[in-house]
Amino acid sequence: MHDKTLAELAAALGDGEVSSVELTEHFLRRIESLDNRLNSLITVTAEQALETARAADAARARGEAGPLTGVPIVHKDIFCTEGVRTSCASRMLDNFISPYDAGVVERFKAVGCPVLGKTNMDEFAMGSSNETSDYGPVNNPWDTQRVPGGSSGGSAAAVAARLAPGATGTDTGGSIRQPAALTGITGLKPTYGRVSRWGMIAFASSLDQGGPMARTAEDCGLMLNVMAGFDERDSTSLERPAEDFNARLNTTLKGLRIGLPREFFGEGMDPGVARVIDEAIDFYKKLGAEFVEVALPHSGLSVPVYYVVAPAECSSNLARFDGVRYGYRCEDPKDLMDLYMRSRGEGFGPEVQRRIMVGTYALSAGYFDAYYLKAQKIRRLIADDFRQAFEQVDVILAPTTPTTAFRLGEKTADPVTMYLSDVYTIAVNLAGLPAMSLPAGFSEGLPVGMQLIGNYFDEARLLGVAHQYQLGTEWHQMAPAGFE
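Structure report, in brief. (Residues numbered from 1 in each chain as written. Predicted model: local features only at pLDDT ≥ 70, side-chain atom pairs only at ≥ 80, totals over all residues. Heavy atoms only, no water.)

**Re the side chain of aspartate 171**
The condition is simple: Each helix is a run of DSSP H or I of at least 4 residues and each strand a run of E of at least 2, with the numbering of both proceeding from the N terminus. Only protein chains enter the accessibility calculation, which uses a 1.4 Å probe. A residue is then buried if its area is under 20% of the maximum for its type, exposed if over 50%, and partly exposed in between. By definition, residues are in contact when any of their heavy atoms lie within 4.5 Å.
In this structure, aspartate 171 sits in the loop between strand 4 (166-170) and helix 6 (177-183). Overall, the relative accessible area of 0% leaves aspartate 171 in the buried class. The residues touching aspartate 171, leaving out its near neighbours within four places in the chain, are Ile176, Arg177, Lys189, Leu207, Asp208, Gln209 and Asn429.

Printed below as a string of structure tokens:
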């Protein structure tokens, strides 16, 4: 059953071909036998998953099942889960058992989705390779000597290796789309505010957004139907009418205007990635789409802007982890200052410490205007570029990443080179737009992702454009050797 998509599994449950208990047991066996090669999960919640599966089967027998009732998933370990460790892949929260569920977790629990476990990630979502986790790096199932991308690398690897049909992830600067691209799956970052951030441990509050990761655009739409919605507990949550995000899957693409940003197709892109994206463009032309070159002149500033804004917000958000109330506490502190310094110094890893220091500096007296305020002004210019582009086109197409998956350890010694892995994704977060990555081919045996960017609240169109591509291609059906 693991070769079926989330939508196909939902149909099989509805037709009575399989029970939720059987399905959940099947995926738990795969996790037990295969995840030692990937390290994609931090915590496996077999007992809770089977309990939910039994309840889902009972609900289906009573005729009370929804579209995803009984379909198992995994959650990124940044979402609080009641009674289950929520670690953010950090020593700081290794012993933290959440007393409540995040808004996203509540929504999946309400529709009866068994949760197989919590996935590995970059520590506090800070990283582009899933190598900063306190529990060790995640390996890419296409080549276990390479990274799966980050920070949602555990979720991406689990879906790519067929250990779960769907996963939740979070995207602050590309952390759903980049790992989706490097592992050959589909991942969607919704419009900022679409999905509740309540109970999603904060990294950069004005950028973080939860979203679905699965095999296909249709699967992501089904998951987003559950995830999206207003949450009064989240001050950044947007109140919007409910909608079916898969309502436009079968819309024709004839006359669709797709923008190609010239800034995303220049120097720095791997030739193999460029070839795959060119082939995808040709495919869309055959479907009747029209292509228009657009300009995003300030997108080249997105990386430096992001690495002022995100660390500044991270510095503020992570100040709460002080060794006093919960989380890691150093042993035998001499006084209060020693408690603070050693608890944070021992509890946070090097990348988190680096970003806290950068952010604290940017927010300090005398530097706030020079760095943080200026970065926010440029952020507005980046958003304005997209606004002007969407006056000409319906969707923007670009590569998701400049290269395919790189080797473990290849970029850890050079943070700036690592940060440039997100050069095509960060501008979307700064503008708060929806975007997704879908498999578009392979270069030297490794997956290549294509990015589709939409206007605000245009997720349904994005999913339709992606679905039409997936109807005519097979890249999303490919499974890594040894995980078929």
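Picking up after the structure, the text goes on.
**Some details on helix 4 (residues 103-110)**
Every buried residue belonging to helix 4 is among Gly103, Val104, Val105 and Phe108, and all of these are buried. In the core, the buried residues of helix 4 are packed alongside strand 2 (73-76), strand 4 and helix 7 (217-227). Two residues or fewer past helix 4, glycine 112 is found with a positive phi of approximately 85 degrees.

**Brief notes about the packing of helix 8 (residues 271-286) against helix 15 (residues 459-471)**
Applied cut-off: Fitted lines through C-alpha atoms give the axes, limited to the stretch in contact for helices. The angle between two N-to-C directions lies from 0 to 180 degrees. Oblique is the label for any angle not under 35 degrees, not over 145, and not in the 65 to 115 range, which are roughly parallel, roughly antiparallel and roughly perpendicular in turn. Note that Gly is not counted as nonpolar here; it falls among the polar residues with everything else outside the nonpolar set of Ala, Val, Leu, Ile, Met, Phe, Trp, Tyr, Cys and Pro and the charged set of Asp, Glu, Lys and Arg.
At a minimum axis separation of 11 Å, helix 8 and helix 15 run at an interaxial angle of 95 degrees. Our classification of the angle between helix 8 and helix 15 gives roughly perpendicular. Across the interface between the two elements, Ala280, Phe283 and Tyr284 of helix 8 pack against Val465, Ala466, Gln468 and Tyr469 of helix 15. Within the contact of helix 8 with helix 15, the residues separate by chemical class into six nonpolar, one polar and no charged.

**Looking at unusual backbone geometry**
Of note, the amide linkage connecting glycine 150 to serine 151 takes the cis form, showing an omega dihedral of 10 degrees. Inspection of the secondary structure assignment puts serine 151 in the loop between strand 3 (115-119) and helix 5 (153-160). For phenylalanine 124, which is not a glycine, the phi torsion comes out positive at approximately 50 degrees. The residue phenylalanine 124 is located in the loop between strand 3 and helix 5 in this model. The phi angle at aspartate 332 is positive, at roughly 50 degrees, despite the residue not being glycine. The residue aspartate 332 is located in the loop between helix 9 (302-317) and helix 10 (336-347) in this model. Overall, aspartate 332 belongs to the exposed group, its relative accessible area being 68%.

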